[in-house]
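Descriptive analysis of the structure
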Amino acid sequence: LLEAEEAALKGRQETALRKYEEAITASGRAGVITDKAIASERMGEFLFSMQNFEDASFHLKEAVMQYTRWGATAKAKHLQENYSNLFQKYPTPSAGGLFSQDEDIL
């Protein structure tokens, strides 16, 4: 995750995206909900800054789900409120997306 943040700060978008995805995947495989929540949020915010709103919505919703599972309901609510317009415009993907895969991993 730190490598993704560094790449994002240096404007290396492709590297940042790859590193965010690696952080999300690794934390999901390890069952570390806390790290997956944070990595998903940061990737979503990075995508949002790039105006990739559909993918941003997907990852921010994933963050909300992981924060909720973690018990960080205030944080989940904060994201839901801050990105409510985005979430309405880009509804949750079908069951074939990452959401269903995460359930299999954990």
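See above for the structure.
Presented here is a report on the structure given in the accompanying data block. Counting of residues starts from 1 at the beginning of each chain's written sequence and follows it residue by residue. Local features in this predicted model are restricted to residues whose pLDDT is 70 or higher, and side-chain atom pairs enter the listing and the counts only when it is 80 or higher, whereas totals over whole chains, interfaces and linings include all residues. The basis for every side-chain value is the complete set of heavy atoms in the structure, and neither hydrogens nor water enter the calculation.

Some remarks on the packing of helix H4 (residues 53-70) against helix H5 (residues 73-82)
For the record, the criterion: All axes here are fitted lines through C-alpha atoms, helices being fitted over the stretch that makes contact, and every angle between N-to-C directions spans 0 to 180 degrees. Segments assigned H or I by DSSP are reported as helices when at least four residues long, segments assigned E as strands when at least two residues long, and all are numbered from the N terminus. In what follows, roughly perpendicular refers to angles from 65 to 115 degrees, roughly parallel to angles under 35, roughly antiparallel to angles over 145, and oblique to any angle outside these ranges. Should the near helix be turned anticlockwise from the far one by less than a right angle, the crossing is left-handed, and should it be turned clockwise, the crossing is right-handed. Note on contacts: a residue pair is in contact if any heavy atoms of the two residues lie within 4.5 Å. For this scheme, ten residues count as nonpolar: Ala, Val, Leu, Ile, Met, Phe, Trp, Tyr, Cys and Pro. Four count as charged, namely Asp, Glu, Lys and Arg, and the remainder, Gly too, count as polar.
It is at 7 Å that the axes of H4 and H5 come closest, and there the two elements cross at 160°. Here H4 lies roughly antiparallel to H5, going by the angle between them. In this structure, H4 crosses over H5, and the sense of that crossing is left-handed. Contacts from Ala63, Val64, Tyr67 and Thr68 in H4 reach Thr73, Lys75, Ala76, Leu79 and Gln80 in H5. Of the residues that constitute the contact of H4 with H5, the class distribution is five nonpolar, three polar and one charged.

A few points about the environment of aspartate 35
Along the chain, aspartate 35 turns up in helix H3 (residues 33-49). In sequence terms aspartate 35 and alanine 23 are twelve residues apart; their C-alpha atoms lie 8.0 Å from each other.

Section: the environment of alanine 37
Locating alanine 37 in the fold gives a position in helix H3. Each C-alpha atom, one on alanine 37 and one on arginine 69, is 9.2 Å from the other, the two residues being 32 residues apart in sequence. Aside from chain neighbours lying at most four places away, what touches alanine 37 is Ala63, Gln66, Tyr67 and Trp70.

Quick look at the nonpolar core
As a reminder, the rule being used: Put simply, a nonpolar core is a bunch of buried Ala, Val, Leu, Ile, Met, Phe, Trp, Tyr and Cys residues held in one set by side-chain atoms that sit within 4.5 Å of each other. Burial classification: accessible surface area is computed with a 1.4 Å probe over protein chains only, and a residue below 20% of its type maximum counts as buried, one above 50% as exposed, and the rest as partly exposed.
If you look at the biggest cluster of nonpolar residues, it comprises 22 residues, and the most contacted ones within it are Tyr20, Tyr67, Leu79, Tyr83 and Leu86. Contributing elements (two or more residues each) for this core: helix H1 (2-9), helix H2 (13-30), H3, H4, H5 and helix H6 (84-89). Once you skip the residues sitting within four places of it in the chain, tyrosine 83 turns out to touch Glu45, Phe48 and Leu60.

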